[in-house]
Amino acid sequence: MNTQQAKFILQGYRPDGADAGDATFCDALEQARHDQVLGDWFAREQSFDAVISAKLSEVQAPAGLREAILAGARVTASGTPRRIWWRQPAWLATAASLAVIGTVALALWPKQAVADNALTEFALADARHSETHGGHGRETGALQAMLSQPSTRLGDQLPVDFAALHNAGCRTVSLGEREVLEVCFKRNGAWFHCYIAQRGDFPSLAATTVPALLDRNGASLASWSDPAHLYVVVSETGRTALEKLL
Amino acid sequence: MVSDMFSQLVDAHYTPLFRFALSLTKNSSDAGDLTQQTFFIWAKQGHALRDTGKAKSWLFTTLYREFLRGRRRADRVTALEDLGPVEADPPAPEVDIISGLDAGLVVEALQEVDEVYRVPLTLFYLQDLSYKDIAGMLEVPIGTVMSRLSRGKAQLRSALARKESGATGKVIPFQTDRAKRFP
């Protein structure tokens, strides 16, 4: 092994000594011990690597990121079926009966048709950690501007091209295997969080162009849909603020 | 309810994952999103991983794949592999000087390294994964990882020299990688 080959190997040796037991480095390390020039080079290389590692370790994750991850995982886990007891005939029959009752209730009271439970829970949890939002692309800017316009009412047709927004860098989060876009906008001095999902991903949801409202843990939520999309807007400044957008 | 195991996994890895994401995205918000997204995927399918000892590699690999999925820049990566030989030990500031630099400035220098070299280089400096792990994660031979580390360090030294010169107001010679590559 010549000096250049030894350098090539040794520059992959981590400065914390974690590779000390790796046989790949043994010969090169041994050579560095006997070759003064190579040894000096290796010492400088390790010092350089150590200081870069130390600098990198000074970078801290944003406040709230840990909590946002745990909250998001909690919702994701709740949307994953873990047991199949409900597939037994008796439970299926009960569920079918409840579904009929539910359908009738929804027909009689359409404004209660709130978005898919997993989606609303996710939106409420995610909105609580708005400090981690960001990364909106240019196309998102147009939608954000429209949502910020005082004349735009929730339930209006919005200029949404899901794929274009996604490709432009709009913040995208996963809910199960479904993707949901998120756009923050400001109205009347308050921030709102608009979540956009594709209707095809939530086939069980009843279509409603009239926003339905929901209050949960101090946050308020409005949801509605158009033929292609499902919308959920979350406000943490109270129901009154949200109602002003209707 | 989120399991204790998941909480422990988040506590152990979310910060290094964020640092890795920051070097990729060059943006704190996007890095936070990417880190979150990685753990969402774990929550969704990570339980299928039989060997929990491989969780760290799995998380870094998943984060990187999610980044690539969003970027789709495979062509650029291929093109950068065709560059010429590595410049031998380009001039870099003394270690004492680098120690005195702000961590943000050092991260900025790291972010100036071409992506194809920056990925293994950042993983190397995070010290969480061995070069063998990095090779497995990137699905490239070990020799390729070593080569990318070597080139990445050369670019990092040049970037640090520029940062250090900028910080002290020195005039730097017109002898940068970019100038050489695009005459």
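None of these values were measured; they are calculated from a predicted model.

1. Describing the overall build of chain B
Moving on, step 1. Of the regular secondary structure elements, chain B holds 10 helices and zero strands.
Moving on, step 2. In chain B, the succession of α and β elements from N to C terminus is α-α-α-α-α-α-α-α-α-α.
Moving on, step 3. Counting every position in chain B, which comprises 183 residues, the buried fraction comes to 40%.
Moving on, step 4. Considering only contacts within chain B whose residues lie at least 6 apart along the sequence, 69% involve residues at least 24 apart.

2. Points about the overall build of chain A
Moving on, step 1. Of regular secondary structure, chain A possesses nine helices and six strands.
Moving on, step 2. For chain A, buried positions account for 33% of its 246 residues.
Moving on, step 3. For chain A, restricting intrachain contacts to residue pairs at least 6 apart in sequence, the fraction spanning at least 24 positions comes to 64%.

3. Some thoughts on the sheet that holds strand β4 (residues 212-216) of chain A
Residues and elements named next belong to chain A.
Moving on, step 1. Sheet architecture is open: six strands sit in the order β1-β2-β3-β6-β5-β4, paired in antiparallel fashion. Edge strands, defined here as strands with exactly one partner in the open sheet, are β1 (171-175) and β4. Shown here is a sheet whose adjacent strand axes are inclined to one another by a mean of 25 degrees, direction ignored.

4. With respect to the packing of helix α1 (residues 4-25) of chain B against helix α3 (residues 55-71) of chain B
When two helices pack together, their arrangement is given by the angle between their axes and by how far apart the axes lie.
All names here are of chain B.
Moving on, step 1. Remark: α1 packs on α3, axes separated minimally by 10 Å, with the N-to-C direction vectors making an angle of 30 degrees. The hand of the α1/α3 crossing is right-handed. Contacts between α1 and α3 involve Leu9, His13, Leu17, Phe20, Ala21, Leu24 and Thr25 on the former and, on the latter, Ala55, Lys56, Leu59, Phe60, Leu63 and Phe67.
Moving on, step 2. Taken together, the residues that form the contact of α1 with α3 break down as 10 nonpolar, two polar and one charged.

5. Focus: the confidence of the model for chain B
Residues and elements named next belong to chain B.
Moving on, step 1. Residues of chain B with pLDDT of at least 70 account for 74%, and the chain-wide mean is 78.
Moving on, step 2. When pLDDT is averaged over each helix and strand of chain B, the minimum, 41, is found for helix α10 (residues 177-181) and the maximum, 93, for helix α7 (residues 115-126).
Moving on, step 3. Below pLDDT 50 for its whole length, residues 73-85 participates in five contacts with residues either more than four positions away or in separate chains.
Moving on, step 4. Taken as a whole, residues 170-183 scores under 50 in pLDDT and shows seven contacts with residues more than four places along the chain or in a different chain.
Moving on, step 5. The ipTM, which scores confidence in the relative placement of chains, is 0.76 for this predicted complex, and the corresponding pTM is 0.55.

6. Observations regarding helix α2 (residues 28-45) of chain B
Moving on, step 1. Helix length check: α2 of chain B (18 residues) gives 26 Å between terminal C-alpha atoms against 26 Å at 1.5 Å per residue, within 8%.
Moving on, step 2. Summarising burial for α2 of chain B: 13 of the 18 residues are buried, a large majority.

7. Points about α1 of chain B
Moving on, step 1. Taking 1.5 Å as the rise per residue, α1 of chain B with 22 residues should run 32 Å; its terminal C-alpha atoms sit 30 Å apart, in good agreement.
Moving on, step 2. Lys26 of chain B occupies a position one or two residues after α1 of chain B and carries a positive phi of about 60 degrees.

8. What to know about the pairing of β1 of chain A
Residues and elements named next belong to chain A.
Moving on, step 1. The two faces of β1 differ: Arg171, Val173 and Leu175 on one face are buried, but Thr172 and Ser174 on the other face are not.
Moving on, step 2. Looking at chain direction, β1 and strand β2 (residues 178-187) are connected through five bridges and run antiparallel. Paired with Val173 across the strands is Val180, a residue of β2.
Moving on, step 3. Linking β1 to β2, which pair antiparallel, is a turn of two residues; within it Gly176 sits at a positive phi near 65 degrees.

9. Digging into the interface of chain B and chain A
Moving on, step 1. Across the boundary between the two partners, chain B contributes 40 residues, which contact 38 residues of chain A.
Moving on, step 2. Only α1, α2, α5 (95-100), α6 (103-111), α7 and α9 (142-168) of chain B provide two or more residues apiece to the side of chain B that touches chain A.
Moving on, step 3. Here the side of chain B that touches chain A takes 13 residues from α2 of chain B, the largest share from any one element.

10. What to know about the confidence of the model for chain A
Residue and element names in this part refer to chain A.
Moving on, step 1. With 77% of its residues at a pLDDT of at least 70, chain A reaches an overall mean of 78.
Moving on, step 2. When pLDDT is averaged over each helix and strand of chain A, the minimum, 58, is found for helix α5 (residues 89-108) and the maximum, 92, for helix α3 (residues 36-57).
Moving on, step 3. Counting interchain partners and residues more than four positions distant, the pLDDT-below-50 stretch residues 80-86 has four contacts.
Moving on, step 4. Per-residue pLDDT stays below 50 along residues 106-113; that stretch engages in 10 contacts with residues further than four places along the chain or on separate chains.

11. Focus: the pairing of β2 of chain A
Moving on, step 1. Where β2 of chain A and strand β3 (residues 190-198) of chain A come together, eight bridges link them in antiparallel fashion. Its bridge partner being in β3 of chain A, Leu181 of chain A is matched across the sheet by Ile196 of chain A.

12. A word on the environment of Thr25 of chain B
Residues and elements named next belong to chain B.
Moving on, step 1. Within the fold, Thr25 resides in helix α1.
Moving on, step 2. A count of 20 C-beta atoms within 10 Å places Thr25 in the buried class.
Moving on, step 3. Separated by 46 residues in sequence, Thr25 and Arg71 place their C-alpha atoms 9.7 Å apart.
Moving on, step 4. Once residues within four sequence positions are removed from consideration, Thr25 is found in contact with Asp30, Ala31, Leu34 and Phe67.

13. Some remarks on the nonpolar core
Moving on, step 1. By size, the foremost hydrophobic cluster in this structure holds 94 residues, and its most contacted members are Ala123, Cys194, Val233 and Val234 of chain A together with Ala21 of chain B.
Moving on, step 2. It is α1 of chain B that contributes the most residues to this core, 10 residues altogether.
Moving on, step 3. If sequence neighbours within four positions are ignored, Ala123 of chain A has contacts with Tyr195, Leu221, Val232 and Val234 of chain A.

14. Some words on the packing of α2 of chain B against α3 of chain B
All names here are of chain B.
Moving on, step 1. At a minimum axis separation of 9 Å, α2 and α3 run at an interaxial angle of 120 degrees. As summarised for this structure, α2 and α3 are arranged oblique, according to the angle between their axes. Handedness of the α2/α3 crossing: right-handed. Facing α2, whose interface residues are Leu34, Thr35, Gln37, Thr38, Ile41 and Trp42, α3 presents Leu59, Thr62, Leu63, Glu66 and Phe67.
Moving on, step 2. Its residues placed into classes, the contact of α2 with α3 shows six nonpolar, four polar and one charged.

About the cut-offs
Residues numbered from 1 in each chain as written. Chains lettered and ligands numbered in written order. Predicted model: local features only at pLDDT ≥ 70, side-chain atom pairs only at ≥ 80, totals over all residues. Helix = DSSP H or I, 4+ residues; strand = E, 2+ residues; numbered from the N terminus. Buried ≥ 20, exposed ≤ 12 C-beta atoms within 10 Å, placed from the backbone. Contact = placed C-beta atoms within 7 Å. Pairing = 2+ DSSP bridges. Axes fitted to C-alpha atoms, helices over the stretch in contact; angles between N-to-C directions. Left-handed = near helix turned anticlockwise from the far one by under 90°. Nonpolar A, V, L, I, M, F, W, Y, C, P; charged D, E, K, R; others polar. pLDDT = per-residue confidence, 0-100. Expected span 1.5 Å × (residues − 1). Core = buried A, V, L, I, M, F, W, Y, C linked by C-beta atoms within 7 Å. Parallel < 35°, antiparallel > 145°, perpendicular 65-115°, else oblique.

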